[in-house]
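Each chain, written out:
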Amino acid sequence: MKIHIKNGRLIDPKNGVDAKQDLFIAAGKVVGIGQAPADFTANQVIDATGLVVCPGLVDLSARLREPGYEYKATLESEMLAAAAGGVTSLACPPDTDPVLDEPGLVEMLKHRARQLNLAHVYPLGALTRQLQGVNLTEMCELTEAGCVGFSQADKPITDTLVLWRAMQYAATFGFTVWLHPQDTYLAANGVAHDGEIAARLGLRPIPAAAETIALATILRLARETGARLHVCRLSTAESIDMVAVAKAEGLPVTCDIAANHLHLTEYDIGFFDANCHLQPPLRSQRDKDALRQGLANGTIDAVCSDHTPVDEDAKLLPFGEAEAGATGLELLLPLTLKWAQEQSLPLSTAIACMTTRPAAILGLKSGHLGLQTSADVCIFDPEQYWKIEARALKSQGKNTPFTGMELAGKVRYTILDGDIVYKT
Amino acid sequence: MYNPQLTDDGKLKHLLSIEGLPKSIITQILDTAESFVGVAEREVKKVPLLRGKTVCNIFFENSTRTRTTFEIAAKRLSADVINLNVSTSSQSKGETILDTVDNLTAMHADMFVIRHSQSGAAHFIARHVKPHIHVINAGDGRHAHPTQALLDVFTIRRYKPEMHNLRVALVGDVLHSRVARSEIHALTTLGVPEVRVIAPKTLLPEHVEKLGVHVYHDMAAGLKDVDVVMMLRLQNERMTGALLPSAQEYFKTFGLTQEKLALAKPDAIVTHPGPMNRGIEIDSSVADGRQSVILPQVTYGIAVRMAVMSILAGNN
């Protein structure tokens, strides 16, 4: 299959490209930029006039819910959602049922994903067995099976000795440890930021200190052990400052935030909107501003969808009983574009936050469109507004705080290894 | 701004919280309650305002007192009353809240009185019921208990009609208290210029001052020159542990005694939402003393709940 994408605005942050250039694809690879290679005859010509052509998006956290939670979502539905969102590579956390703590499960997941062939799936293995924070998993075996890092998802290790050992062991082999910092005790039963809204609505609070205390512990252990650390889903202003200090010190630390947190605060909970029940919780305006700033100045390496499809019944409950999480794969692009536009940042910065920068965290060769790289491409219309509503989403998870809003940025084509896996 | 409690033309559709209620509606409820106070003293303690209507008391959390007052209020309005203790029935069989509510709707109930342990439960149910049904929040988690707050301000208004001239102190466990949150909003909406909260830091939510109150951690300073002392209940399970060291120490530091009450204005009144813990948050000599209005509160509670139900039924 040879594809000629013509008249598009090619934006490839890693290679410093932002210009009207055609892209030529053959045998799953990029074979020409700007001009066709010799004797190139396209089987298919995509007219990208008025559209942006960029690397396929790389999402650092998308829950596919398989195995175990097929009533919430299936691999097929969520990989379709990825394709519809322009996401061609995604990392999935290990909090499935059973937990991704055995090589066989990881191989099965990789195999199923390959068969569907809608996105590259990079599983994160469990750092401890059953995510129980007691016994280490077979990290070497899991890496051989395809894991790209080790994570506790949203189940922090409370025992600091185990955390220390886990990071030491991972550091032995150079594996990256992905941790979401949250102090189990301070966050116990909490459902909302410890601010004015929680005080008014009588919601159980999760103080900012639940995150910063855990982060301080994790950063200190990273320094002690030399483990490569990726900190997931930061939510407070102080956390960003702490990561900046750690980076300045030279620690091998990266971090990400969820796209929802670029736009929402505790006030969006309104009258107990369960769609705004997220983990970590939506925090104050000051925190939101710091996250927006941190992503712009590079302290925050990447923005992810934190895609967490929840079945409808699990959201049809009072706020505190409703399951945390929101669908996100199809919103990553428009939400990140909205942030960049509001901050007066160039499109290429927005795209870098979803491509080059997360690809570097995962250690992928993709995330850019240099010659002879895999042809993972996202083609989108940056001006096209679309309404976020259940029927507009491919994901089985329909819940998002943005329901009813119109957002700009509609994916028109998604190309995976040179095959068109989505078009509209 | 969207207000789930009001109809499009600004009338009371549900009573979910005091926050968001305009002063005019609160005053309407209190004035209507005045007219119901006399009903209980008549030979025939009934008025026909809710005749033919069915009121469902759906209690997902146990409560005898509140349920009983709602039941009496509804019966004095001639409604048919169904009491459902869901904590001991369908929910333990796995039925969801909405299934329970839908089933009662199918039985043609007109009004739901809801108590639930989760903040926001009444809002949640109000959002999902059929349009002709009115929802009254009888307590949701730590969030709101609007009828309790209304009967409290009704009582205060009876004894101290000049609301815009009062200094009021709430004493005790504000953190876990839906009553406190609703009382604060009721007082500030009615124009009380100074509302204080007095409690140890462990029993106050972060940012409580954003609710428009002055924060005190010392009874002597906090009670000085107040017109009304509103006591809050301290749950048994919170008396010892990480929130408080012991009931004794709590009584010593934050319990209301005659000596501490003497710091308030001489004609200050004392309220309590009940049930009281004598000797823990309040001394018996205060609870039964001349400044206590705790029993009148209970009487007025029925009139206030009758007022709420009759106003809701009139807003179809």
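Please read these numbers as outputs of a predicted model, since none were measured by experiment. (Residues numbered from 1 in each chain as written. Chains lettered and ligands numbered in written order. Predicted model: local features only at pLDDT ≥ 70, side-chain atom pairs only at ≥ 80, totals over all residues.)

A. Structural context of the overall build of chain A. A count of helical and extended segments in chain A gives 12 helices and 21 strands. Against the 2.2 N^0.38 benchmark of 22 Å for 424 residues, chain A shows a C-alpha radius of gyration of 21 Å, consistent with a compact globule. With respect to the three principal axes, the spread of C-alpha positions in chain A is 65 × 50 × 45 Å. Residues counted as buried form 61% of the 424 residues belonging to chain A. (Helix = DSSP H or I, 4+ residues; strand = E, 2+ residues; numbered from the N terminus. Rg over C-alpha atoms; globule rule 2.2 N^0.38 Å. Buried ≥ 20, exposed ≤ 12 C-beta atoms within 10 Å, placed from the backbone.)

B. Quick look at the overall build of chain B. When helices and strands are counted, chain B shows 11 helices and 9 strands. Relative to a compact globule of 316 residues, whose C-alpha radius of gyration would be 20 Å, chain B shows 19 Å and is just as compact. Across its three principal axes, chain B shows a C-alpha extent of roughly 55 × 40 × 40 Å. For chain B, the residues scored as buried account for 49% of the 316 residues in total. The contacts in chain B between residues at least 6 apart in sequence include a share of 75% that link residues at least 24 apart. (Contact = placed C-beta atoms within 7 Å.)

C. Quick look at the interface of chain A and chain B. Contacts between the two partners involve 19 residues from chain A and, on the opposite side, 23 residues from chain B. Here the side of chain A that touches chain B takes 5 residues from helix H5 (residues 196-201) of chain A, the largest share from any one element. When grouped by side-chain class, the residues that make up the side of chain A that touches chain B number 11 nonpolar, 3 polar and 5 charged. (Nonpolar A, V, L, I, M, F, W, Y, C, P; charged D, E, K, R; others polar.)

D. Representation of the pairing of strand E3 (residues 17-20) of chain A within the structure. Residue and element names in this part refer to chain A. Pairing between strand E2 (residues 9-12) and E3: 4 bridges, direction antiparallel. Counted as the bridge partner of Arg9 is Lys20 from E3. Counting the residues that bridge the hairpin from E2 to E3 gives 4 residues, and of these Gly16 lies at a positive phi of roughly 65°. (Pairing = 2+ DSSP bridges.)

E. Looking closely at the environment of Val308(B). Residue and element names in this part refer to chain B. Mapped onto the elements, Val308 comes out in helix H11 (residues 294-314). It is 8.1 Å that separates the C-alpha atoms of Val308 and Ala33, two residues lying 275 residues apart in sequence. Those residues within four positions of Val308 in sequence are excluded, and the remaining contacts are Leu15, Ile29, Ile136 and Thr147.

F. Local environment of unusual backbone geometry. Residue and element names in this part refer to chain A. Following Glu66, the chain continues to Pro67 via a peptide bond in cis, the omega torsion being 0°. Positionally, Pro67 belongs in the loop between strand E8 (57-59) and helix H1 (75-84). Positive phi, close to 65°, is recorded for Asn7, a residue that is not glycine. By the element assignment, Asn7 lies in the loop between strand E1 (2-6) and E2. Of note in this structure, Leu131 is not a glycine but carries a positive phi near 60°. As for its placement among the helices and strands, Leu131 is situated in the loop between strand E11 (125-126) and helix H3 (139-145).

G. Representation of the pairing of strand E21 (residues 419-423) of chain A within the structure. Residue and element names in this part refer to chain A. Summarising the sheet, strand E20 (residues 406-416) and E21 pair through 4 bridges and their orientation is antiparallel. Bridging across to E21, Thr414 finds its partner in Tyr422. Following E20, the chain reverses through 2 residues before pairing antiparallel with E21; Asp417 in that reversal takes a positive phi of roughly 45°.

H. Main features of the domain arrangement of chain A. All names here are of chain A. When its domains are assigned, chain A resolves into domain 1 (2-52 + 374-423) and domain 2 (57-362). Each partner contributes to the interface: domain 1 provides 29 residues, whereas domain 2 provides 43 residues. It is E20 that contributes the most residues to the side of domain 1 that touches domain 2, 6 residues altogether. When its residues are assigned to classes, the side of domain 1 that touches domain 2 shows 16 nonpolar, 8 polar and 5 charged. (Domains from an automatic or database assignment.)

I. Summary view of the nonpolar core. Residue and element names in this part refer to chain B. Judged by nonpolar contacts, the single largest core of 242 residues is most densely connected at Val171 and Val229. For this core, the leading source of residues is H11, giving 9 residues. Excluding residues that lie within four positions of it along the chain, Val229 makes contacts with Ala169, Val171, Leu223, Leu256, Leu261, Ala264, Ala268 and Val270. (Core = buried A, V, L, I, M, F, W, Y, C linked by C-beta atoms within 7 Å.)

J. Layout of the domain arrangement of chain B. Residues and elements named next belong to chain B. Per the domain assignment, the segments making up chain B are domain 1 (23-145 + 299-314) and domain 2 (147-297). When each unit is reduced to the centre of its C-alpha atoms, the spacing between domain 1 and domain 2 is 26 Å. With 21 residues of domain 1 at the contact, the number on the domain 2 side is 23 residues. The greatest single-element share of the side of domain 1 that touches domain 2, amounting to 6 residues, is contributed by H11.

K. Region of the structure containing the sheet that holds strand E13 (residues 176-179) of chain A. Residue and element names in this part refer to chain A. Spatially, the 6 strands line up as an open sheet ordered E11-E12-E13-E16-E17-E18, and their pairing is parallel. In the strand order of this sheet, the two ends are held by E11 and strand E18 (302-304), each with one partner. In the packing of helix H6 (residues 208-225) onto the sheet, contacts are made with E13, strand E16 (228-231) and strand E17 (253-258), and the angle to E16 comes to roughly 160°. (Axes fitted to C-alpha atoms, helices over the stretch in contact; angles between N-to-C directions.)

L. Broad picture of the sheet that holds E8(A). All names here are of chain A. Pairing in this open sheet of 3 strands is parallel, and the strands run E8-E9-E10 from one edge to the other. Looking at which strands have only one partner, the edges of the open sheet turn out to be E8 and strand E10 (120-123). Each adjacent strand pair in this sheet contributes to an overall mean axis angle of 15°, direction not counted. Sheet analysis places E8 next to strand E9 (residues 87-92), joined by 3 bridges and oriented parallel. Considered in E9, the bridge of Leu57 is made with Val87.

M. Quick peek at helix H1 (residues 23-37) of chain B. All names here are of chain B. The terminal C-alpha atoms of H1 lie 21 Å apart, and with 15 residues this matches the ideal 21 Å at 1.5 Å per residue to within 8%. Within H1 the residues assigned to the buried category are Ile26, Ile29, Leu30, Ala33 and Phe36. Down the axis, H1 shows its buried residues gathered within 115° of arc, on one side only. Those residues of H1 that are exposed and angled more than 90 degrees off the buried face are Lys23, Ser24 and Asp31. Its buried side turned inward, H1 meets helix H5 (146-159), helix H6 (178-189) and H11. (Expected span 1.5 Å × (residues − 1). Arc of directions from axis to C-beta.)

N. Local environment of the packing of H5(B) against H11(B). All names here are of chain B. At a closest axis distance of 8 Å, the pairing of H5 and H11 adopts a crossing angle of 120°. One way to sum up the angle between H5 and H11 is to call them oblique. Viewed along their axes, H5 and H11 form a crossing whose handedness is right-handed. Judged by residue contacts, Thr147, Leu150, Leu151, Asp152, Phe154 and Thr155 of H5 engage Pro296, Gln297, Tyr300, Gly301, Val304, Arg305 and Val308 from H11. (Parallel < 35°, antiparallel > 145°, perpendicular 65-115°, else oblique. Left-handed = near helix turned anticlockwise from the far one by under 90°.)

O. Molecular detail of the confidence of the model for chain B. Put simply, chain B has an average pLDDT of 94, and 98% of its residues get 70 or more. The ipTM for the predicted assembly is 0.91, set against a pTM of 0.93. (pLDDT = per-residue confidence, 0-100.)

P. Fine view of H6(A). All names here are of chain A. The end-to-end C-alpha separation of H6 is 26 Å, in line with the 26 Å expected for 18 residues at 1.5 Å each. Here H6 has its buried residues at Ala208, Ala210, Glu211, Thr212, Ala214, Leu215, Ile218, Leu219, Leu221, Ala222 and Thr225. Residues of H6 that are buried make contact with helix H4 (160-173), E13, strand E15 (205-206), E16, helix H7 (237-249) and E17.

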